[in-house]
Amino acid sequence: MIRGLPDAEIDVNEARRRHGLLVADGFRFNRQQERNSTYAWVTSQHGRIPDDAVKVGKDADGGKLYIGRAWHEGDLLPAKVAPRHSGAFVPWGCAEHSKFEYEVLVADSHLVSWVASSNGNVPPQALQIGRTVQGEPLYAGRVAHAGTVTPGKIHPSHGVLYIPWGGKELNFNEYEVLCNNGLGDYSPQINNENTQQRENSQHTQQIFVLSQSKNSTPHY
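Residues numbered from 1 in each chain as written. Predicted model: local features only at pLDDT ≥ 70, side-chain atom pairs only at ≥ 80, totals over all residues. Heavy atoms only, no water.

Okay, the overall build of the chain next. Looking only at helices and strands, one finds two helices and 16 strands in the chain. The buried share of the chain, reckoned over its 220 residues, is 51%. In the chain, of all internal contacts separated by at least 6 residues, the share reaching a separation of at least 24 is 59%. For the chain, the accessible area works out to roughly 10200 Å², and carbon and sulfur atoms hold 45% of it. (Helix = DSSP H or I, 4+ residues; strand = E, 2+ residues; numbered from the N terminus. Buried < 20%, exposed > 50% of the residue type's maximum accessible area, 1.4 Å probe, protein only. Contact = heavy atoms within 4.5 Å. Areas by Shrake-Rupley, 256 points an atom, 1.4 Å probe, with all protein chains shown as cover.)

Applying the stated criterion to the full structure yields zero aromatic pairs. The residue whose ring lies beneath R69 is W41, and the NZ or CZ to ring-centre distance is 4.0 Å. (Phe/Tyr/Trp six-rings, centres within 6.5 Å; stacked < 30°, edge-to-face > 60°. Lys NZ or Arg CZ within 6 Å of the ring centre and 35° of its normal.)

What follows concerns the side chain of E169. Inspection of the secondary structure puts E169 in strand β14 (residues 168-172). Here the side chain of E169 touches W92 through a polar contact of 3.2 Å, landing on its backbone nitrogen. A polar contact of 2.9 Å, which involves the side chain of E169, links it to the backbone nitrogen of C94. (Polar contact = N/O pair within 3.5 Å; in protein donor to acceptor, adjacent residues only side chain to side chain.)

Pairing geometry for strand β13 (residues 160-165) and β14, over five bridges, is antiparallel. Opposite I163, over in β14, you have L170 as the bridge partner. The hairpin formed by β13 and β14 contains two residues between the paired strands, and G166 there has a positive phi angle of roughly 60°. (Pairing = 2+ DSSP bridges.)

For the rest of this paragraph, the subject is the nonpolar core. Counting 18 residues, the largest nonpolar core has I67, L105, L127 and L178 as the members making the most contacts within it. Broken down by secondary-structure element, the contributors of at least two residues to this core are β2 (37-45), β4 (64-72), β8 (101-107) and β9 (112-118). Excluding residues within four positions of it along the chain, L127 makes contact with Y39, L105, V112, L138, Y139, A140, L178, C179, N180 and Y186. (Core = buried A, V, L, I, M, F, W, Y, C linked by side-chain atoms within 4.5 Å.)

Of note, the phi angle at E73 is positive, near 50°, even though the residue is not glycine. The topology assignment puts E73 in the loop between β4 and β5 (75-82). Judged by relative accessible area, which is 46%, E73 ranks as partly exposed. A positive phi angle is found at N119, which is not glycine, with a value near 55°. By the element assignment, N119 lies in the loop between β9 and β10 (128-131).

Our next topic: the environment of E101. For E101, the position within the fold is in strand β8. As for E101 and A88, which are separated by 13 residues in sequence, their C-alpha atoms are 7.6 Å apart.

Predicted confidence across the chain gives a mean pLDDT of 77, with 68% of residues reaching 70 or more. Below pLDDT 50 for its whole length, residues 1-37 participates in 82 contacts with residues either more than four positions away or in separate chains. In this model residues 193-220 is a low-confidence stretch, pLDDT under 50, and it forms 53 contacts with partners more than four residues away in sequence or in other chains. (pLDDT = per-residue confidence, 0-100.)

So, about the pattern of salt bridges. Here the structure, examined in full by the defined rule, presents five salt bridges. With its nearest N and O atoms 2.6 Å apart, the salt bridge here joins R69 to E103. With R69 in strand β4 and E103 in strand β8, this residue pair connects regions lying 34 residues apart in the sequence. Each member of the pair, R69 as well as E103, is classed as buried. Where E169 meets K153, a salt bridge forms, and the shortest distance between an N and an O atom there is 3.7 Å. Here the residue E169 occupies a position in strand β14, and K153 occupies one in strand β12 (residues 148-155), the gap between them amounting to 16 residues. Per residue, the accessibility class of E169 equals that of K153, and both read buried. (Salt bridge = Lys/Arg side-chain N within 4 Å of Asp/Glu carboxyl O.)

Shown next as structure tokens:
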């Protein structure tokens, strides 16, 4: 959990002073506590990870991967945060997109679990991570692929999990869903205001292009 935070919200200046966290102007922590447990979305950048970030799997190079989210084209998308590659990555429009500003999900490990599902279905306790510009909820999923365990977005109306991998958006019919174990209240905390402003502030948005090296093919 985020150590020392009070049960109520605290402002960003207090967060910076007490915890040294990277928090965008206007962002507020929302601590939701039960049995000394916490969910929070923490703004970060360039691959930095706060304490107790939710770990989701590993990359092809063995690096740890975490659950995040980021804005892209009006959608708030579940993201793969890869510290070794200094950013987060989201699947959208048949491509993998890099984000150097993003939010990271922080929670005590006993709060969450991964539940098997398929074909766009999610269990009732699934954590809503984001939404499309049309308002459809999006969820975090993960799948084993090519020696990795990679997170992505479950898009219920599309019937699949999408992951950002190798510069592309890959889809899978079977996957695991990130769920609340029922030990604490969770809210997606989606701020519908200034969506375009938030997205435009992420000036490093770009489609990730794979290295053309003949000797190695990195997978992010």
